[in-house]
Each structure stands twice: as structure tokens, then as C-alpha cells.
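For reference, the chains in residue letters:
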Amino acid sequence: MLQNIGFPGLLMILVVVLIIFGPSKLPELGRAVGRTLHEFKSSAKELVSDSKDDVIEMPKEAAGKG
């Protein structure tokens, strides 16, 4: 989806964001987006590691029951 935007589309989005929020709010908005992405990535890594641990534990439990 984002691959089809292109440079003119990104420029237009930047201008609209600048008009809506103003130049004084852009750094604050950028920090908030950065924090949100960092939190999302760490949660996703935690979720993936938990699911990998569950997959590793399942064959051990199945071998003990058989």
C-alpha cells in the first residue's frame, strides 16, 4: 500500500500535516510516533519469543505423554 504513494504523495502528506499541526508541534508528534513504534516493536518481539518458547515446549510435552 505504501509503495504506491510515491514522492508527490509523500510531499502532499507532509504539507497537510504541517498545516494541521504547525511547525511547533511536529517534533513532539515525531517523538510520540517514535515511542509508539518502539513500544510496538518490543511487544512484537516479546510475543514472538513467547510463541517460539511455546512451540519448543510442546514437542517435549508430547514426547512425555506418548
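Please read all numbers here as calculations on a predicted model, not as lab measurements.

**Digging into the overall build of the protein chain**
Along the protein chain, the regular secondary structure elements total two helices and zero strands. The 66 residues of the protein chain split such that 2% are buried. Counting only carbon and sulfur atoms, one obtains 69% of the accessible surface of the protein chain, whose full area is about 6,300 Å².

**Things to note about a nonpolar patch on the surface**
On the surface, a nonpolar cluster with roughly 660 Å² of combined accessible area is contributed by Met-12, Val-16, Ile-20, Phe-21, Leu-29, Val-33 and Leu-37. Elements with a contribution of two residues or more to the nonpolar patch: helix 1 (6-21) and helix 2 (26-65). It is helix 1 that provides the largest number of residues to the nonpolar patch, a total of four residues. With respect to the element layout, Val-16 can be found in helix 1.

Conventions we followed
Residues numbered from 1 in each chain as written. Predicted model: local features only at pLDDT ≥ 70, side-chain atom pairs only at ≥ 80, totals over all residues. Heavy atoms only, no water. Helix = DSSP H or I, 4+ residues; strand = E, 2+ residues; numbered from the N terminus. Buried < 20%, exposed > 50% of the residue type's maximum accessible area, 1.4 Å probe, protein only. Areas by Shrake-Rupley, 256 points an atom, 1.4 Å probe, with all protein chains shown as cover. Patch = residues over 30% accessible without salt bridge, like charges linked within 9 Å, V, L, I, M, F, W, Y side chains within 5 Å. Salt bridge = Lys/Arg side-chain N within 4 Å of Asp/Glu carboxyl O.

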